[in-house]
Structure formats: structure tokens, C-alpha cells
Amino acid sequence: MTYSQPITLFGGTFNPPHWGHVKPLKQAMQALDITKVGLMPCNIPPHKQRLKISNQHRLAMLQIICELESSLYIEGIELESDEVSFTFNTLQKLKKNNQQSLCFVMGADSFQSFETWHRWQEILQLCNIIVLNRDNQPLKRLKEVTQYISCGPHDAVSLADKQVLSTSNGIVVSCHFPNVAVSSTLIRDKLEQKDYPYLETGEVLPLEVLKYIKQHQLYERKIP
Ligand code: ATP
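Description of the structure in this document. Throughout, residues of each chain are indexed from 1 in the direction in which the sequence is written. For a predicted model such as this one, the threshold for reporting local features is a pLDDT of at least 70, and the threshold for listing and counting side-chain atom pairs is 80 or more; totals across whole chains, interfaces and linings nevertheless cover every residue.

For our purposes the nonpolar core covers buried Ala, Val, Leu, Ile, Met, Phe, Trp, Tyr and Cys residues that link as a set through C-beta atoms within 7 Å. Here a residue counts as buried when 20 or more other C-beta atoms fall within 10 Å of its C-beta, as exposed when 12 or fewer do, and as partly exposed in between; the C-beta atoms come from the backbone. Grouped together as the largest cluster of nonpolar side chains are 53 residues, with contacts concentrated most on Val105 and Val131. Setting aside chain neighbours within four positions, we find Val105 in contact with Thr8, Leu9, Phe10, Leu25, Val37, Ile130 and Leu132. In this description, a residue-residue contact is defined by the distance between C-beta atoms placed from the backbone, which must lie within 7 Å.

In the vicinity of the ligand lie 18 residues, with Gly12, Gly20, Gly107, Ser184 and Thr185 positioned nearest. Where helices and strands are cited, they refer to DSSP runs of H or I of at least four residues and of E of at least two residues respectively, numbered from the N terminus. Those elements that provide at least two residues to the shell around the ligand are α1 (19–32), β4 (102–107), α4 (108–112) and α7 (184–192). The biggest single contributor to the shell around the ligand is α1, with 3 residues. Across the shell around the ligand, the residue classes tally to 6 nonpolar, 10 polar and 2 charged. Throughout this description, a residue near a molecule or strand is one whose C-beta atom, derived from the backbone, lies within 6 Å of it. Asp, Glu, Lys and Arg are counted as charged, while Ala, Val, Leu, Ile, Met, Phe, Trp, Tyr, Cys and Pro are counted as nonpolar; the rest, among them Gly, fall into the polar class.

Burial runs high along β4: 5 of the 6 residues are buried. Here strand β1 (residues 7–12) pairs with β4 via 4 bridges, running parallel. Pairing of Ile7 across the sheet is with Leu102, part of β4. Only strands that DSSP links by at least two bridges are regarded as paired with each other. Two strands pair when backbone bridges link them, and β4 and strand β5 (residues 128–133) are joined in this way by 5 bridges, in the parallel orientation. Considered in β5, the bridge of Met106 is made with Val131.

Within the span of helix α3 (residues 87–97), buried status applies to Thr87, Thr90, Leu91 and Leu94. Viewed end-on, α3 has its buried residues packed into an arc of 95°, placing them on one side of the element. At its buried positions, α3 is contacted by β1, β4 and α5 (120–126). The arc under discussion is defined with respect to the helix axis, by the directions toward the C-beta atoms.

Turning next to unusual backbone geometry. The omega torsion of the bond from Asn15 to Pro16 falls at 0°, within 30 degrees of zero and hence cis. In this fold, Pro16 is placed in the loop between β1 and α1. Phi angles above zero are rare outside glycine, and Tyr219 is one such case at about 60°. Take Tyr219: it is sitting in the segment after α9 (207–215).

A word on the sheet that holds β1. Taking strand neighbours across the sheet as the criterion, the 7 strands line up as β3-β2-β1-β4-β5-β7-β6 in an open arrangement whose pairing is parallel. Where the open sheet ends on each side, the last strands, each with one partner, are β3 (72–74) and β6 (147–151). Sheet twist, expressed as the average angle between the axes of neighbouring strands with direction ignored, equals 25°. As paired elements, β6 and strand β7 (residues 171–176) share 5 bridges and run parallel to each other. Of the residues in β7, the one forming a bridge with Tyr148 is Val172. Where α3 meets the sheet, its contacts fall on β1 and β4, and the angle it forms with β4 comes to roughly 155°. Orientation is described by lines fitted to C-alpha atoms, with helices fitted over the stretch in contact, and by angles between N-to-C directions that extend from 0 to 180 degrees.

Moving on, we get to the pairing of β1. The buried count for β1 comes to 5 of 6 residues, which makes it a mostly enclosed element. Note: β1 against strand β2 (residues 37–41), 4 bridges, orientation parallel. Of the residues in β2, the one forming a bridge with Gly11 is Met40. For the crossover from β1 across α1 to β2, the handedness is right-handed. Looking down the strands as they point away from the viewer, one classifies a crossover as right-handed if the path from the first strand across the helix to the second runs clockwise.

Structure (C-alpha cells):
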């Protein structure tokens, strides 16, 4: 049987994008034989304050990431809508136009609050979920999920497990990799404090993204 790749999307605010998004994602792609992932910036996040940065700047930073990582592309569907970016609505729209199965990638912290997401049970009917499990935490088990699979540096995923992602929905794959201890909040705080040495190591975010941030004087002060 040939393994048909799912359309795989990684949703987030990417304010700004950093290595904590990209490195675990790349490891999960390798473990699961996924060769392309769409980075999907939300417009109005349902679980966060309204963003104080323009979509244009977030897109430009994601574009830099995609130039560095050719296996990633931008899926801009949520930016085309003025509504709150509910994942259920987005996946439903994508499903109408595609026969392929869908996979949605999220961090373990997002998955732990998944039951608060709009129409979450129906999300599981539309896609499979890949969890970037940075803290190696046991995932809460949802009765709507047909199968939980773990993978990581020490757990090889069998081919059968990979193929399971070509089925249409209801599977959660928890990918365990070493934590990349960074968040967008931490980067915004460091920029506000002008703590450039920390950021200039290149360990936290790509230096090209940092250059863009400096050029456009983003995140220099907290906007009330
Ligand atoms: P903020 O600090 O502003 O809340 P963030 O760094 O969590 O942002 P988002 O763009 O909101 O970034 O996150 C998109 C997804 O990436 C979320 O599902 C989140 O859990 C995951 N994520 C963020 N940072 C990491 C990381 N260091 N390792 C693994 N997953 C991460």
C-alpha cells in the first residue's frame, strides 16, 4: 500500500515565529515521513488577546522561516477571514476543497486545553492531530480519539503507524523530543528589555527573523 501524505498544518500566532516552533516540527516531520507542512497564522486568536502586530509583519517573518526551511510553506486561509480563527471552521473549509486527509499540529500545552476549543469533538472528525510534546507529559486521553500513538527519539514509529495518518481522522500522535525552551512571549519580553545578546545567539529564533524585527522596530515597547 502506498502511503498517501496528509495535508499537515501547524496553527499558531507566530508572534514572532521561533525555533521552538520549527525544530520540534521538523523532528516530527522526520519521524512521521511528512515532507511538507503549512504554517497557518491565525487572524484573531480564540484563546489569546487580540494581536498588536500587523498580519503583514507576521507573514513577512514566516516567509523568512519558509525561505530557510523549504519543507515549510504558509497557509494563509485564516488571514483571509475577519472572523475569530476557530480551527474547526478552518478545517471544515479546507475539507470542502480537498480529498486528502488533514493533520493538525499543536504543542502539548495547547492539546491539554483542547477540550475548551470550539467544536473540538468535530475537529477530531475532520483530522488527525500531531502533538509536539516538549515536556514529555502524558497526554490526556479523549474518548473521541480512535488511537493514540507515541513517537520520539527513542520510540521508532513503525511504518504501520505512519500509514495510520493517511486515515482520515480521530488519531492523536504524541511526538516526544527535547524541549526547545523558548516562547514568543519570552522573545517579546527580551526585545522590550533590549536583551539582544540572548537573542543574538541564534538559538532562540533565526537571526534573519531578528534582523527583520530590528529593522521594523517591532516589540520595542509594550503597547497598552
Ligand atoms: P506566546 O508565547 O505568544 O503564547 P507561543 O510561543 O506559544 O506564543 P504560538 O504561535 O502561540 O507560540 O504557538 C503555536 C503552537 O506552537 C502552539 O500549539 C504551541 O503550543 C506550540 N509551541 C510554541 N512554542 C513551542 C516550543 N518551544 N516547543 C513546542 N511547541 C511549541
